[in-house]
Amino acid sequence: MTTSVLPITTSTSHTPPPSPWMQARQQLQYACDKLGYDDAMRVLLETPRREFTVAVPLRKDDGTIEVFIGHRVQHNSSRGPTKGGLRYSPDVNLDEIRALAMWMTWKCALVDVPYGGAKGGICIDPRAYSTAELERVTRRYTSELLPVIGPEKDIPAPDVGTDEQTMAWIMDTYSVNTGYTVPGAVTGKPLSLGGSAGRGGATSEGVVTVSMLAFARRGIDPRYARAAVQGYGKVGAGAVRLLHDAGVRVVAASDQYGAIYNPDGLDIDAVQVYFETSGKLAGAPGTVEIDRDSLLELDVDLLIPAAVEGCSTRRTPAEFWLG
């Protein structure tokens, strides 16, 4: 197999994909058409049961005050309490949270767990604030939502920009206001607070397990396979490590700043150390930088899309579902 390095380019020819909310609605329309559901059922399934938008004031470490906007959408509670992640990102908006909540409903239903879908977010760049500031933001956001969250109502979980520490703050704030410890107020919390072993890497494990099964079905020996991973967050970074451990040659990876490439395979340990130090992949030792979109066009056996939603530019529901 030969793989050419694609240059760093800035393309303006791509048609922007529809918003996540529009994508979610298109997917639902496509599914309803296939299943023979009428428009009334589609509208019922499409419309979130509850939406909350809250102001989250923060007194920063320097004494100044900043106000953030937070959201929580409980899409559907017909199957039980709602469940879904909480993300901290400067790109958070209500339509994005609506879409993510709807997708959580379908995911819970497909694996037959007794939950509905929810999602939350705060429009904040967590990298620009101290740990103490993020704790105050999290506790205030939780306080604003206390009447509508909890084990029997709505259960937050980590997502982009949040982690087990965030969940610990939410659990503690909820428990203090309840009067006793409530471990079931969140998932994704630390093991010391009742978290589940293996939860943090579960998604990465699932991605790589399915990839290995796909290799077997195609008759591909993982030891001679090449892979590229789009997105180097919780899922992507774990997938890179697990693929490497399985013998797959990971030749490229990307984050929000750019992509790196080495046809002989990335030095996983060196890349991880560099990423933890610099906060980005570009410039990692033993790699060349390529355009993020170019990673998607590399000649590899396995491409893992582990970036945020909306990265696919395919426009029709049929294309999205059927590939």
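The model shown is predicted, which means the values in this text are computed figures rather than measured ones. (Residues numbered from 1 in each chain as written. Predicted model: local features only at pLDDT ≥ 70, side-chain atom pairs only at ≥ 80, totals over all residues. Heavy atoms only, no water.)

**Details of the packing of helix H6 (residues 202–218) against helix H7 (residues 234–245)**
(1) Moving on: Interaxial distance between H6 and H7 falls to 8 Å at its minimum, and their mutual angle equals 50°. The angle between the axes of H6 and H7 places the two elements in the oblique class. For the element pair H6 and H7, the recorded crossing hand is right-handed. Along the contact surface, H6 presents Thr203, Ser204, Glu205, Val207, Val208 and Met212, while H7 presents Lys234, Val235, Gly238, Ala239, Leu242 and Leu243.
(2) Moving on: Residue classes in the contact of H6 with H7 are distributed as seven nonpolar, three polar and two charged. (Axes fitted to C-alpha atoms, helices over the stretch in contact; angles between N-to-C directions. Helix = DSSP H or I, 4+ residues; strand = E, 2+ residues; numbered from the N terminus. Parallel < 35°, antiparallel > 145°, perpendicular 65-115°, else oblique. Left-handed = near helix turned anticlockwise from the far one by under 90°. Contact = heavy atoms within 4.5 Å. Nonpolar A, V, L, I, M, F, W, Y, C, P; charged D, E, K, R; others polar.)

**A look at a nonpolar patch on the surface**
(1) Moving on: Taken together, the side chains of Leu35, Tyr37, Met41 and Leu44 define a hydrophobic patch exposed on the protein surface, amounting to about 400 Å² of accessible area.
(2) Moving on: Here Leu35 lies in helix H1 (residues 20–35).
(3) Moving on: On the basis of relative accessible area, Leu35 is assigned to the exposed category, the value being 58%. (Patch = residues over 30% accessible without salt bridge, like charges linked within 9 Å, V, L, I, M, F, W, Y side chains within 5 Å. Areas by Shrake-Rupley, 256 points an atom, 1.4 Å probe, with all protein chains shown as cover. Salt bridge = Lys/Arg side-chain N within 4 Å of Asp/Glu carboxyl O. Buried < 20%, exposed > 50% of the residue type's maximum accessible area, 1.4 Å probe, protein only.)

**Observations concerning the sheet that holds strand E5 (residues 154–158)**
(1) Moving on: One open sheet accounts for five strands, arranged E1-E2-E4-E3-E5; its pairing is mixed. Looking at the sheet topology across the chains shown, the edges are occupied by strand E1 (50–59) and E5. With strand direction ignored, the average angle separating the axes of adjacent strands in the sheet is 25°.
(2) Moving on: Lying over the sheet, helix H4 (residues 131–145) contacts E1, strand E2 (65–74), strand E3 (82–89) and strand E4 (116–123), oriented at roughly 145° with respect to E1. (Pairing = 2+ DSSP bridges.)

**Regarding the sheet that holds strand E9 (residues 288–290)**
(1) Moving on: Taken in spatial order, the five strands make up an open sheet running E9-E8-E7-E6-E10, and their pairing is mixed. If you trace the sheet from one side to the other, it starts and ends with E9 and strand E10 (302–305), each paired once. For this sheet, the mean inter-axis angle between neighbouring strands, taken without regard to orientation, is 20°.
(2) Moving on: The pairing of strand E7 (residues 249–255) with strand E8 (residues 258–261) spans four bridges and is antiparallel. Along E8, the bridge assignment pairs Ala253 with Ile260.

None of this, on its own, says anything about what the molecule does.
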